[in-house]
Amino acid sequence: MNSNNLQFDVHFDNALFFGQYVMVIRNEKYTGGGLLEKYDQEYVWIRGKKHSRALCSFIQMPPPDVDFPN
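Counting starts from 1 at the beginning of each chain's written sequence and moves along it residue by residue. Restriction of local features to residues with pLDDT of at least 70 applies here, the model being predicted, together with a cutoff of 80 or more for giving and counting side-chain atom pairs; totals for whole chains, interfaces and linings are based on all residues. Side-chain numbers here rest on the full set of heavy atoms in the structure, without hydrogens or water.

J.: Can you explain the packing of aromatic side chains? Please cite residues and give values.
T.: Only rings of Phe, Tyr and Trp enter the pairing, Trp through its six-membered ring, and a pair is recorded when the two centres are within 6.5 Å. The plane angle decides the type: under 30 degrees is stacked, over 60 is edge-to-face, the rest tilted. Tallied over the full model, the rule gives one aromatic pair. The ring centre of W45 lies 4.7 Å from the NZ or CZ of K38, which sits over that ring. Here, a charge over a ring is recorded when the distance from Lys NZ or Arg CZ to the ring centre is within 6 Å and its angle to the ring normal is within 35 degrees. One Lys or Arg, K50, reaches over the ring of Y43 and ends 4.3 Å from the middle of that ring.

Written out as structure tokens, the structure reads:
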């Protein structure tokens, strides 16, 4: 599988990034997603779980569609 690193750290300096849905990729696999809660130089917290900025890629995207039965 041919892939590129999808790290978009420049967006972490943008206050508009907070409250946005972020997908987390590690080793070419989806490992989680949710709203960006906080970050520092080493980690990003999403849904109460910290993800390493050195090992993971973070992609801002629309939240997944979900159907709720009536």
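J.: Which residues make up the pairing of strand β4 (residues 49-52), and what values do they have?
T.: Pairing between strand β3 (residues 43-46) and β4: four bridges, direction antiparallel. Along β4, the bridge assignment pairs I46 with K49. We call two strands paired when DSSP finds no fewer than two bridges between them. For helices the rule is a DSSP run of H or I covering at least 4 residues; for strands it is a run of E covering at least 2, with both sets numbered from the N terminus onward. Where β3 folds back onto β4 in an antiparallel hairpin, the turn is made up of two residues, including R47, whose phi is positive at roughly 55°.

J.: Mind laying out unusual backbone geometry, listing which residues take part and the relevant values?
T.: Positive phi, close to 55°, is recorded for N27, a residue that is not glycine. For N27, the position within the fold is in the loop between β1 (21-26) and β2 (29-39). For E28, which is not glycine, the phi torsion reads 65° and is therefore positive. For E28, the location among the structural elements is in the loop between β1 and β2.

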